[in-house]
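Architecture and fold: a report
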Amino acid sequence: MSRRAGLIAFGVFLSVGLLPFWRVLAGPSTSLAGDGADASLFVWNDWWFARAVSTGANPFSTQMMYWPTGASLVLHTLSPLNAAAAAILQPALGLVGAYDVLIVASFALSAWAAYLLAKQLGAREPGAYVAGTAFGFASYHFAHALGHLNLVHTEWLPLALLFVERHRATGRGREIVGVVLCVVAAALTDLSLLLTTVLAMAVLLAARGAMRERRTWTLAAWCALALAPLAAVVHG
């Protein structure tokens, strides 16, 4: 697949993804994408994460709730990867604008990732577009776009499968790095996404008859090694 075709596909998915949110994008600093209920929780998450990082505090524990004892956010849907992205966007877009951009971008990114996976699996251009549209614009995605920032960035699942397939085809070490980064990104997005991604990888490898291959277990070991310090940081 040419790079140009991939960029065109991303542009198409981004354009389509913008359409349902035109009213939000017309006032990105004041109009909150979603129903305003759970969405407000994730706006607080983004504010707290940026504040904690800038002051050197632990983002997984806060004194802002249940003062003076505070509360642990380890099992809270903090979605630190999205919160970190929002922290970068906040100076230019504000809290609400950063949240809206992340919601809108999730459609294009998820669809594009599924498109790339379909191409890797041998689909032709029309079929890859159908796959991307079906995955990125599924009813699941629209339902959770109402206020679940932790559940809309599903692009890490197809990207992980893409790198698994590339590693099986080429054996290159950089594909292992790609798999590991996607697994870590899924863990930093939501634990349910991590579990779904790992399960999908296992199903793919089982379907390929690769569960007993050494490189499959090498890949699993690298993923486990990458997640271990992450767990230590979160629970520490």
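This text goes with the structure placed above it.
Since this is a predicted model, take the numbers as computed values, not measurements.

**Description of the environment of Leu 225**
Within the fold, Leu 225 resides in helix 11 (residues 214-235). For the pair formed by Leu 225 and Val 180, sequence separation is 45 residues and the distance between their alpha carbons is 9.2 Å.

**Thoughts on the pattern of salt bridges**
A side chain with one charge can pair with a side chain of the opposite charge if their charged atoms come near. Evaluation of the coordinates by the stated rule reveals six salt bridges. Salt-bridge contacts for Glu 125 lead to Lys 119; the nearest nitrogen and oxygen are separated by 2.8 Å. One salt-bridge network, in which partners are shared between bridges, spans Arg 168, Glu 213 and Arg 215.

**Structural notes on unusual backbone geometry**
Residues Trp 67 and Pro 68 are joined by a peptide bond in cis, for which omega reads 10°. Here Pro 68 shows up in the loop between strand 1 (61-62) and strand 2 (71-72). Backbone geometry places Tyr 66, a non-glycine residue, at a positive phi of 55°. For Tyr 66, the position within the fold is in the loop between strand 1 and strand 2. With a phi close to 50°, Ser 79 is a non-glycine residue in the positive phi region. Residue placement: Ser 79 occurs in the loop between strand 2 and helix 4 (80-120). Under the relative-accessibility criterion, Ser 79 is labelled buried at 4%.

**Describing the nonpolar core**
In this structure, Phe 21, Tyr 99, Ile 103 and Val 179 are the most contacted members of the largest nonpolar core, which totals 53 residues. Only helix 1 (3-18), helix 3 (38-55), helix 4, helix 7 (149-152), helix 8 (156-170), helix 9 (173-189), helix 10 (191-207) and helix 11 provide two or more residues apiece to this core. Take this core: its biggest share by element is 14 residues, from helix 4. If sequence neighbours within four positions are ignored, Phe 21 has contacts with Ala 33, Ile 103, Val 104, Phe 107 and Ala 145. Judged by nonpolar contacts, the second largest core, of seven residues, contains Trp 48, Ala 52, Phe 60 and Ala 83.

Basis of the calculations
Residues numbered from 1 in each chain as written. Predicted model: local features only at pLDDT ≥ 70, side-chain atom pairs only at ≥ 80, totals over all residues. Heavy atoms only, no water. Helix = DSSP H or I, 4+ residues; strand = E, 2+ residues; numbered from the N terminus. Salt bridge = Lys/Arg side-chain N within 4 Å of Asp/Glu carboxyl O. Buried < 20%, exposed > 50% of the residue type's maximum accessible area, 1.4 Å probe, protein only. Core = buried A, V, L, I, M, F, W, Y, C linked by side-chain atoms within 4.5 Å. Contact = heavy atoms within 4.5 Å.

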